[in-house]
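Spelled out from the first residue to the last, the chains are:
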Amino acid sequence: MRTGRLLGSGRSADVYEVDETWVLRRDREGRGDATAEATVMEHVRRHGYPVPAVRAATRGDLVMERLTGPTMLEAFGTGLFSAEEAGLTLARLLRRLHAVPARLSADPAVRVLHLDLHPDNVMLTPDGPKVIDWTDTEEGPPGLDWAMSAVILAQVAVGGETRAGVAAETLAAMLDANTDHVTRDGLTEAVRRRAANPTMSVREVRLLGDAEELVRSQAF
């Protein structure tokens, strides 16, 4: 597909303008499957979950609804969104997602998981928060999804950089009254997956031990 101007870039994909209604996300690394991702997005959308509509998908390209508004991460910098609001919103989005029945599994304990839900993957649109980047989605126990979000936030919180304080507050707000959703098995698996993630830098991997301890101190 012919692409328009580049709108943004992530760790493994670029987003291009198609027109005023649609954007194209193109995978640079070849590790994802946009057709499978699109199927899951349409499944959760049919159940009322806030995701962009999908128009078309191939293995490397995903054409989806163009959203208006900043990401939650961008909103931090402008004062539009507080860390407490962010944590509560992430918790609400996780609970809503795990209320959606699995698409493939008949096991009631299995749900659709996002597995990368953090402030840069939530866009604050005029219609409310919408969740993007479903590259890692799969079905499994909700405790793993909560743990993945917690570990991602905790890595930033223990990293000592500009957003460390905001990440720590967001993590605390997300886990407040929701600590029973993070399981010990889920946390162990989340740390293992983050360590094996090829997009992680050496420094990010080294932070995982401290990040795990931070989550344990608040969740158990």
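Within each chain, residues carry numbers counting from 1 in the order of the written sequence. Given that this is a predicted model, residues contribute local features only at a pLDDT of at least 70 and side-chain atom pairs are listed and counted only at 80 or more, while totals for whole chains, interfaces and linings are drawn from all residues. Hydrogens and water molecules were not included; the side-chain quantities draw on all heavy atoms of the structure.

Chemist: Just checking my understanding: could you explain the sheet that holds strand β4 (residues 54-57) for this structure?
Modeler: Adjacent strands of a sheet form backbone hydrogen bonds with each other and so pair up, either parallel or antiparallel. As summarised here, the arrangement of the 5 strands in space is β1-β2-β3-β5-β4, forming an open sheet in which the pairing is antiparallel. The outermost strands of the open sheet, each flanked by one partner alone, are β1 (6-9) and β4. The sheet shows a mean angle of 20 degrees between the axes of neighbouring strands, direction not considered. Here strand β2 (residues 13-17) pairs with strand β3 (residues 22-27) via 5 bridges, running antiparallel. Across the sheet, residue Val15 finds its bridge partner in β3, namely Arg25. In this description, strands pair whenever DSSP reports at least two bridges between them. Only DSSP runs of H or I with at least four residues qualify as helices, and only runs of E with at least two residues qualify as strands; both kinds are numbered from the N terminus onward. Fitting a line to C-alpha atoms yields each axis, with helices limited to the stretch in contact; the angle taken between N-to-C directions then spans 0 to 180 degrees.

Chemist: How should I be thinking about the side chain of Thr125 in this particular structure?
Modeler: The topology assignment puts Thr125 in strand β7 (residues 122-125). The classification of residues rests on relative accessible area computed with a 1.4 Å probe and restricted to protein chains. Under 20% of the type maximum is buried, over 50% is exposed, and intermediate values are partly exposed. Judged by relative accessible area, which is 12%, Thr125 ranks as buried. By definition in these notes, contact holds between two residues if any of their heavy atoms fall within 4.5 Å. Setting aside its immediate chain neighbours within four residues, Thr125 contacts Leu67, Thr68 and Lys130.

Chemist: Where do I start with unusual backbone geometry in this structure?
Modeler: Excluding glycine, a negative phi dihedral is what most residues carry, and trans is how most peptide bonds are arranged. Located in the positive-phi region is Leu115, a residue other than glycine, with phi close to 70 degrees. Overall, the relative accessible area of 3% leaves Leu115 in the buried class. One non-glycine residue, Ala177, adopts positive backbone phi at about 70 degrees. Topologically, Ala177 is positioned in the loop between α5 (164-175) and α6 (184-196).

Chemist: Would you mind going over the pattern of salt bridges with me for this structure?
Modeler: Where side chains of opposite charge bring their charged atoms close, a pairing between them can arise. A side-chain nitrogen of Lys or Arg and a carboxyl oxygen of Asp or Glu constitute a salt bridge if their distance falls within 4 Å. On inspection of all chains with the given rule, the structure shows 12 salt bridges. The partner of Arg66 in a salt bridge is Glu17, and the shortest N-O contact between them spans 2.8 Å. Remark: Glu17 occurs in strand β2 and Arg66 occurs in the loop between β5 (61-65) and α2 (72-78); sequence separation between them is 49 residues. For Glu17, a relative accessible area of 22% gives the class partly exposed. Notably, a salt bridge pairs Glu189 with Arg192, separated by 2.7 Å at the nearest N-O pair. Residue Glu189 and its partner Arg192 are located together in helix α6, separated by 3 residues, close to a single helical turn. We classify Glu189 as partly exposed; its relative accessible area is 24%.

Chemist: In this structure, what is going on with the pairing of β7? I would like to understand it.
Modeler: Each regular strand carries side chains that alternate between the two faces of the sheet. Residues Val122 and Leu124 of β7 are buried on one face, and the alternating residues Met123 and Thr125, pointing to the opposite face, are buried as well. Inspection of the sheet shows β7 paired to strand β8 (residues 128-131) by 4 bridges, in the antiparallel sense. Bridge pairing in β8 places Met123 opposite Lys130.

Chemist: Explain the packing of aromatic side chains to me, please; I cannot follow it from the model alone.
Modeler: One pair of aromatic rings is described through two measures. These are the centre distance and the angle between the planes. Only Phe, Tyr and Trp rings take part, Trp by its six-membered ring, and two of them pair if their centres are within 6.5 Å. Stacked means planes under 30 degrees apart, edge-to-face means over 60, and tilted covers everything else. Counted by the stated rule, this structure contains 1 aromatic pair. Two limits define a charge over a ring: the Lys NZ or Arg CZ must be within 6 Å of the ring centre, and within 35 degrees of the ring normal. Sitting over the face of the ring of Phe220, Arg184 holds its NZ or CZ atom 4.3 Å from the ring centroid.

Chemist: What should I look at first to understand the environment of Leu124 in this one?
Modeler: Tracing the chain through its elements places Leu124 in strand β7. Between the C-alpha atom of Leu124 and that of Ala75, which follows or precedes it by 49 residues, the distance is 8.2 Å. When sequence neighbours within four positions are dropped, the list of residues in contact with Leu124 reads Thr68, Gly69, Pro70, Thr71, Met72, Ala75, Phe81 and Pro129.

Chemist: Looking at this structure, I do not really get helix α3 (residues 83-98). What am I missing?
Modeler: Note on helix geometry: an α-helix contains 3.6 residues per turn, so any two residues three or four positions apart are oriented the same way. Taking 1.5 Å of rise per residue, the 16 residues of α3 would be expected to cover 22 Å, and the 23 Å separating its terminal C-alpha atoms lies within 8% of that figure. When α3 is considered as a whole, its buried residues turn out to be Ala83, Ala86, Gly87, Thr89, Leu90, Ala91, Leu93, Leu94, Leu97 and His98. Expected helix span is taken as 1.5 Å per residue step, with the number of steps being one fewer than the number of residues.

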